[in-house]
Every structure is written in C-alpha cells, then in structure tokens.
Amino acid sequence: MEEGDGPAREMTIDKSSTDHLDQLLQQPAPKDESKNETSLALRLSFVAGQILLGTFHVILVHSSSARPTEDNQSGDEATNDNTNRQYKYSAVLVILLAEILKLVLSILGFAWVGTRTTESLQTAKNQLHAALTPKRFLRFGLPALVYTIENHIRFAVLKELASPVTWVVFSHTEIPIVALMTVFCLNRRLTRAQWISVILLVDGVMASQVAICESRLGVKCEHLSDFPLAALCMVLLSALMAATAGTAVEYLFKEEYSTSIHLQNAQLYIWGIFSNLTVLMVQEQESIQRGTLWDGIDLKVIMILVTMALQGLCVAAVVKHMSNVAKVYASACGLFVAAIMSAIMSDFDVTLPFALAAVVVCCALYLYHMDKGDQLPAGTMSRVGRERLVGSAVAVSPRPGGTMYLC
C-alpha cells in the first residue's frame, strides 16, 4: 500500500472465488502440439544414432591414420609412438564431401516433407521464402565456421592420440568450459552440486587418461612427457568450439521451431560447404594441380564421411527436438561405447582403473544436469507457491465473511 492512500481498502472474496483461483493455478499449461510431433521412439533413435555413429566415426578416423611406409622403426616403437602418423587421403576433401552429403540429404528431406500434401507444399514455400531473407540466412554463417574449425581439429588430433577413447573422454570437458563461460561471460550462478560435478568430471577425465597411458605403455605414467599434452590441449579447444557452436545452433533452431529442420540444416550446411571449400582451395592447391586430390579414397574413407554426415544429422535432430540433458546422456553412454568398440576393433584394453574413471565421468555429467531445484510440471504450482502468490497481493483477515485487505 502506497503512503497517503489512507486505510487499507477492503475487498470481499467468497470461498467459491478462492476455490476457483486454486483450481486455475493447478491446471497444467496448454500443450504446444507443434513441439510434440516427434515421437519418443524417433527421439531415442536420434540419440542412439548420435552415440553409435559418432563413436564409430572417431574410431574409423583414428584407425585410418598410419606411419609412413618408409619408416623403419620397429613394430613396438610404431605402436607406442604416435608421432608422424598421416592420412593417406585428404581430410579436407572428406570433410567437404560430408557437408555436401548432409546438404543433399537435407534438401531431399525438405522436398519429401513439403510435397506430401497441398497444405504442406504451401507451408514449405512460405518457410523457404522466409529462410532466404538475408537476416535468416546470414546468421548461420558463424556457427558453420566454428563447426568447420572443430572438424579439422578432430582430424588433426586423432592421428596424434594413442587411442580414440582419449578423444571421447576429453571431449566431455565441454561441460566445465560451459560452466566457466556461464559464470564469467553470462554472469550466472552455479549451484554447489554443479561445481562439485565439474571437479569430479575433471578428476575422472584425468584418471581415465592415466589409465589409458599406463595400459598403452605398460608402466606408470608419472611425468608430463608421458602424455600428449599438445594433442590434449587441441581436444580442449575442440570442446570449446563445440560448446560455442552447439549453443548458437540450438538458439537458431528453437527460435524458429515451426521451421522444418531440413531447411535449417540446409542453411547451416551451405555455409559449411563454402567454408570447407575455401580451406580446400588453400591447403590442397598442390594436390589439385597434380591431380592427386582423390588419391587414397577407399571403402574406409567412404565410411568415414558417411558416418560423419549421418552423425551430424542426428546431432541436429537432438538439438532441435530434445534438450541439452539428452545430449549429455548421449555423451556419457558414448564413453562406454567407444571403450567397447575400441577393445573389439583395436588393441585397447578396458582396465579396471579406466572403468572406474568412466563411472566417475558419467556420475559427474548426471550430477551437473540433475541439480536444477524442485521443478514441477509446466503450468502447475505447489500449495506453498499458491499461498505465496496470494499472500503477496492480499492479506487474509480473521474476520468472518472472507474479508481480505489489499496491500
């Protein structure tokens, strides 16, 4: 009540009115059917595709690198030393072809969805017209550029690592990077449990890398020289790139949620093709002049670009139709999938120390995202919340008749 208003104004509210208010506060918010078109089974398939395709892609890229044939070092040295490993193919070309494949699949998907009915055809035309406006089209350029850098870092680093599991483990450092960016850049708070989860994540990542190092060398790793520090720093940079680009793409996708994901993907991949084509013209100029650009392309390389393209489409679907929590669970599951697949396809040993460290990483990932307070379903309010809402506006009088005073 403001000063000078005199005595409090009386307002009589009968019991039926308060009951009606109570019912309104308990009613769930109207559901947005446009955001529930994707079935649960289809969403789970997106997550499974992200896990399996992403893990298989990383393992294939790592196994496709080899030491030069003229290197006369012994087999043991070649196994333990991962320096000077090279790809027999152009990694830039593979990334570009993957972007082209994703664009083709996105265009086909948009055409298939948009031509099923007359109504869908008109909707597709309207969405295409809106997507071609400079504002809507140009804003996908920066995320595409960041993704281009992240893709090239991944190929450059995987040939330097002893095991692809190292990449999978250290890519989870995206979580503490996001935490630090949230605090210092966005001026937001993290709960105590989330900070603890960040510490646990760093500890689990370090412990798993020690387990990988000791399993590979057969001795204790006690010195910094035993670890590929330069490669690990590049993995951290890649995680930073992925966090930045992923946040930007999620914002762009969900800002225009009714727009077809195929059309949004096409906008992103057009910029990806442009940026990767620029890199190709700069880095592979000599190979283009010699006519050797396509050398080394075999079945494994084709599988690499196909898995890269399909995994990118699955990640886009997860970002569009699901939450960031789903991405975290997929990453946690991917750690175990990568370890199992590496043990089957290569000489990686899943030791007990690595398994324990992997459990710590998964628990940290879960703890970071589960501590969001006591949240009720959208549109509902607890009894305490209703009392606070009513109490902030009116003070209940003990007088009979349901008399209340406005504050």
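Residues numbered from 1 in each chain as written. Predicted model: local features only at pLDDT ≥ 70, side-chain atom pairs only at ≥ 80, totals over all residues. Heavy atoms only, no water.

Participant: Go over the overall build of the protein chain, please, and point to the residues and values.
Facilitator: The helix and strand tally for the protein chain stands at 17 helices and 5 strands. For the protein chain, buried positions account for 40% of its 407 residues. Counted over contacts in the protein chain with a minimum sequence separation of 6, partners at least 24 positions apart contribute 80%. As presented, the protein chain carries roughly 22,900 Å² of accessible surface, and 63% of it is formed by carbon and sulfur atoms. (Helix = DSSP H or I, 4+ residues; strand = E, 2+ residues; numbered from the N terminus. Buried < 20%, exposed > 50% of the residue type's maximum accessible area, 1.4 Å probe, protein only. Contact = heavy atoms within 4.5 Å. Areas by Shrake-Rupley, 256 points an atom, 1.4 Å probe, with all protein chains shown as cover.)

Participant: Can you explain the packing of aromatic side chains? Please cite residues and give values.
Facilitator: All told, the structure shown has 5 aromatic pairs when counted by the stated rule. Consider the rings of Y87 and Y89, whose centres lie 5.2 Å apart with planes at 35°: the pair is tilted. When sorted by exposure, Y87 lands in the same class as Y89, which is buried. Pairing W271 with F274 gives two aromatic rings, centres 6.2 Å apart and planes at 90°, and the pair type is edge-to-face. Of this pair, W271 and F274 both sit in helix α12 (residues 261-283), 3 residues apart, roughly one helical turn. Classification of F274 as exposed rests on a relative accessible area of 55%. By the ring-pair criterion, three or more aromatic residues cluster together here, those being Y87, Y89 and F155. (Phe/Tyr/Trp six-rings, centres within 6.5 Å; stacked < 30°, edge-to-face > 60°.)

Participant: Please provide a residue-by-residue account of the nonpolar core, values included.
Facilitator: F155, L335 and F354 are the most contacted members of the largest nonpolar core, which has 39 residues in total. Of all hydrophobic cores here, the second largest spans 18 residues; its members include V92, L252, V315 and A316. (Core = buried A, V, L, I, M, F, W, Y, C linked by side-chain atoms within 4.5 Å.)

Participant: Which residues make up the packing of helix α4 (residues 91-114) against helix α14 (residues 299-321), and what are the values?
Facilitator: In the contact formed by α4 and α14, the axes pass within 9 Å of each other and the chain directions differ by 50°. Comparing the axis directions of α4 and α14 gives the class oblique. Crossing handedness for the pair α4 and α14: right-handed. Residues V94, I95, L97, A98, L101, K102, L105 and S106 of α4 pack against V301, I304, L305, V306, M308, A309, L310, G312 and L313 of α14. The residue makeup of the contact of α4 with α14, split by class, is 14 nonpolar, 2 polar and 1 charged. (Axes fitted to C-alpha atoms, helices over the stretch in contact; angles between N-to-C directions. Parallel < 35°, antiparallel > 145°, perpendicular 65-115°, else oblique. Left-handed = near helix turned anticlockwise from the far one by under 90°. Nonpolar A, V, L, I, M, F, W, Y, C, P; charged D, E, K, R; others polar.)

Participant: Could you give an account of a nonpolar patch on the surface, naming the residues involved and the relevant values?
Facilitator: Where nonpolar side chains cluster on the molecular surface, the patch consists of I100, V104, L105, L108, W294, I297, L299, I302, M303, V306 and L310 and spans about 910 Å² of accessible area. Mapped by element, the contributors of at least two residues to the nonpolar patch are α4 and α14. Examining the composition of the nonpolar patch, we find that 5 residues originate from one element, α14, more than from any other. Relative to the helices and strands, I302 is located in helix α14. (Patch = residues over 30% accessible without salt bridge, like charges linked within 9 Å, V, L, I, M, F, W, Y side chains within 5 Å. Salt bridge = Lys/Arg side-chain N within 4 Å of Asp/Glu carboxyl O.)

Participant: Can you tell me about the pattern of salt bridges, naming the residues and giving the values?
Facilitator: For the coordinates displayed, the defined rule picks out 5 salt bridges. Here E99 ties to K102 by a salt bridge, and the two come within 2.9 Å at their closest N and O atoms. Of this pair, E99 and K102 both sit in helix α4, 3 residues apart, roughly one helical turn. A salt bridge links R290 to E286, with the shortest nitrogen-to-oxygen separation between them at 2.5 Å. Of this pair, R290 and E286 both sit in helix α13 (residues 285-290), separated by 4 residues, roughly a single helical turn.

Participant: Go over the environment of T55, please, and point to the residues and values.
Facilitator: Mapped onto the elements, T55 comes out in helix α2 (residues 40-63). T55 gets classed as buried once you look at its relative accessible area, which sits at 5%. Here the alpha-carbon distance between T55 and G334, two residues 279 residues apart in the chain, equals 6.5 Å. In this structure T55 touches Q50, G334, V337, A338 and M341, once residues within four positions along its chain are discounted. Within polar-contact distance, the side chain of T55 engages the backbone oxygen of I51 at 2.7 Å. (Polar contact = N/O pair within 3.5 Å; in protein donor to acceptor, adjacent residues only side chain to side chain.)

Participant: I'd love a proper account of the confidence of the model for the protein chain, names of residues and values included.
Facilitator: Scored by pLDDT, the protein chain has a mean of 75; 69% of the residues are at 70 or more. Across residues 28-36, where pLDDT falls below 50, the model places 9 contacts with residues more than four positions away in sequence or in other chains. Residue range residues 373-407 is modelled with pLDDT below 50. Its contacts to residues more than four positions away, or to other chains, number 55 contacts. (pLDDT = per-residue confidence, 0-100.)

Participant: An account of the packing of α4 against helix α5 (residues 118-131) is needed here, citing residue identities and associated values.
Facilitator: Orientation of α4 relative to α5, taken along the N-to-C sense of each, is 135°, at an axis distance of 8 Å. Judged on the interaxial angle alone, α5 and α4 are oblique. Taken together, the residues of α5 that come into contact with α4 (itself represented by F110, V113 and G114) are S120, L121, A124, Q127 and L128. Residue composition of the contact of α4 with α5, grouped by class: 5 nonpolar, 3 polar and no charged.

Participant: Describe α14, listing the residues and the values that go with them.
Facilitator: Taking 1.5 Å per residue as the helical rise, α14 with its 23 residues ought to reach 33 Å, and the 33 Å between its terminal C-alpha atoms agrees with that figure. Here α14 starts with a cap whose side-chain oxygen sits 3.3 Å from the backbone nitrogen of K300, and that cap is D298. (Expected span 1.5 Å × (residues − 1).)

Participant: I'd like to hear about the side chain of R43, residue by residue, with values.
Facilitator: Looking at the secondary structure, you find R43 in helix α2. Relative accessible area serves as the criterion here: at 18%, R43 is assigned to the buried category. Engagement of the side chain of R43 in a polar contact is seen with the backbone oxygen of H321, the distance being 3.2 Å.

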